[in-house]
Amino acid sequence: MKFQSIITIDRHFIEQEKRFPYATGEFTKILYNLSLAAKIVTRDVRKAGLVDILGITSESNSSGEVQKKLDMYANDVFVSVMNHDGIVCALASEENDGLIELDESSWGGRYVVVFDPLDGSSNIDANVSIGTIFSIYKRVSPAGKASELRDVLQPGYKQIGAGYVIYGSSTMFVYTTGNGVHGFTYDPSCGEFLLSHPNMKTPARGSLYSINEGNWVSFSDGIKSYISWLKETDKPTGRPYSSRYIGSLVADFHRNLLYGGIYIYPGTEKAPQGKLRLLYECNPLAMIIEQAGGKATNGTRRILDLVPKELHERSPLFIGSPENVDKAMEFLNQSPA
Ligand code: P6P
């Protein structure tokens with residue numbers, strides 16, 4: 001029986017590292033630690049319905065969202081594996097108000113990790129796919145001292161790595177270090193992430209659109225015109241498009257990355273800057289989509305060019321196939337916001 005070449009994620013990390021002649025292996029260790037945390041979280045997400053980690057806590061996070069036990073557990077897992085060998089000097093998470101306190105042994109760390117440990121957690125009890133999203137930067141503050149907020153408030157184009165884990169019908173780890181996007185599917189029988197989607201590319205145009213149309217009344221005229229245009233019948237442009245929105249960013253993003261289309265979370269009356277966070281949702285997915293040939297804007301500017309001012313700041317997000325994002329921008333730029 002002829003075997004496909006079986007490439008584990010660890011082997012892929014090492015092969016990617018060869019592109020950097022002076023690599024010390026520290027960056028690779030961060031990727032390894034992230035994949036280890038993903039294996040631990042996937043084990044507990046899979047049995048969430050069986051043990052008492054479903055349901056809600058009395059806590060809420062920096063955005064005032066009630067925290068699900070599983071997302072707090074996931075946060076602890078990622079923090080503990082990241083805070084292990086002094087390579088990371090600064091950690092920031094959706095679940096923590098400020099920078100996560102790391103001990104003095106981390107002061108020599110040269111890297112920064114920003115993450116959303118379990119996005120879409122409001123869907124946990126309904127067994128809907130959820131995800132982890134992460135970004136990796138080089139520190140900008142002087143080494144040997146405690147990290148500073150400026151280490152995490154970097155524009156997205158400074159990311160040296162980004163990715164997500166989707167806990168769906170199978171668990172996948174999808175990442176980029178600026179050399180294409182690569183997807184690995186978890187095989188629980190051997191406890192390995194195996195390369196299943198090498199060099200992922202999103203279609204130039206797709207016919208899926210993802211937006212919460214429940215917010216229709218607060219959409220700008222440009223967005224209303226664009227969505228209405230998608231619903232018209234026009235065979236040459238593949239319209240009407242299909243609406244697909246599960247309300248779990250990683251699941252909606254991953255499907256559109258593979259099939260083509262656009263995901264939109266615009267400003268609304270309730271959230272004028274949109275609901276999604278720039279640092280640990282928009283930026284990592286924007287790096288992934290650009291590496292896969294797609295685009296990501298906030299409606300006027302490239303997401304990766306935005307300079308964050310606050311840790312949990314939000315941004316409108318238009319992300320997906322390049323032709324779909326360009327068409328949406330045409331409508332937005334025709335009508336006043
Ligand atoms: P809405 C989940 O809470 C989340 O942050 C994303 O995963 C998801 O895409 C979005 O919010 C859904 O928001 O307002 O449509 O329910």
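Note that the structure is a prediction, hence the values are computed from the model and not measured. (Residues numbered from 1 in each chain as written. Predicted model: local features only at pLDDT ≥ 70, side-chain atom pairs only at ≥ 80, totals over all residues. Heavy atoms only, no water.)

Let's shift gears to the domain arrangement of the protein. With domains assigned, the protein is organised as domain 1 (9-197) and domain 2 (208-334). For domain 1 versus domain 2, the distance between C-alpha centres works out to 24 Å. Contacts between the two partners involve 49 residues from domain 1, matched on the other side by 33 residues from domain 2. Here domain 1 and domain 2 share an interface that buries about 2,800 Å² over both sides, 66% of which is from carbon and sulfur atoms. The interface formed by domain 1 and domain 2 holds one salt bridge in total. Measuring nitrogen to oxygen at the nearest pair gives 3.0 Å for the salt bridge that ties E94 to R277. Listed by contribution, the elements that provide at least two residues to the side of domain 1 that touches domain 2 are β3 (88-93), β4 (111-119), β5 (130-138), β6 (161-167) and β7 (171-176). (Domains from an automatic or database assignment. Contact = heavy atoms within 4.5 Å. Buried area = accessible area lost by both parts, 1.4 Å probe. Salt bridge = Lys/Arg side-chain N within 4 Å of Asp/Glu carboxyl O. Helix = DSSP H or I, 4+ residues; strand = E, 2+ residues; numbered from the N terminus.)

Turning next to the site of the ligand. As a matter of local geometry, the ligand sits amid D119, G120, N212, Y245, G247, S248, L249, Y263, Y265, K275, L276 and E281. Separating an oxygen atom of the ligand from a side-chain N or O atom of D119 is a distance of 2.5 Å. Contact between the ligand and Y263: an oxygen atom at 2.8 Å from a side-chain N or O atom of the residue. For the ligand, whose unbound accessible area comes to 400 Å², protein coverage reaches 84%. Split by residue class, the shell around the ligand holds five nonpolar, four polar and three charged. (Near = heavy atom within 4 Å. Polar contact = N/O pair within 3.5 Å; in protein donor to acceptor, adjacent residues only side chain to side chain. Areas by Shrake-Rupley, 256 points an atom, 1.4 Å probe, with all protein chains shown as cover. Nonpolar A, V, L, I, M, F, W, Y, C, P; charged D, E, K, R; others polar.)

To continue, consider the side chain of N283. In this structure, N283 sits in helix α6 (residues 278-291). Setting aside chain neighbours within four positions, we find N283 in contact with Y137, Q154, G156, Q159, L278, I303 and L304.

The next subject is the nonpolar core. In terms of nonpolar packing, the biggest core is built from 37 residues, with I30, L91, I136, Y167 and F173 touching the most fellow members. Here this core gets eight residues from one element, more than from any other, and that element is helix α2 (residues 26-46). Of all hydrophobic cores here, the second largest spans 28 residues; its members include I166, V250, A292 and L304. (Core = buried A, V, L, I, M, F, W, Y, C linked by side-chain atoms within 4.5 Å. Buried < 20%, exposed > 50% of the residue type's maximum accessible area, 1.4 Å probe, protein only.)

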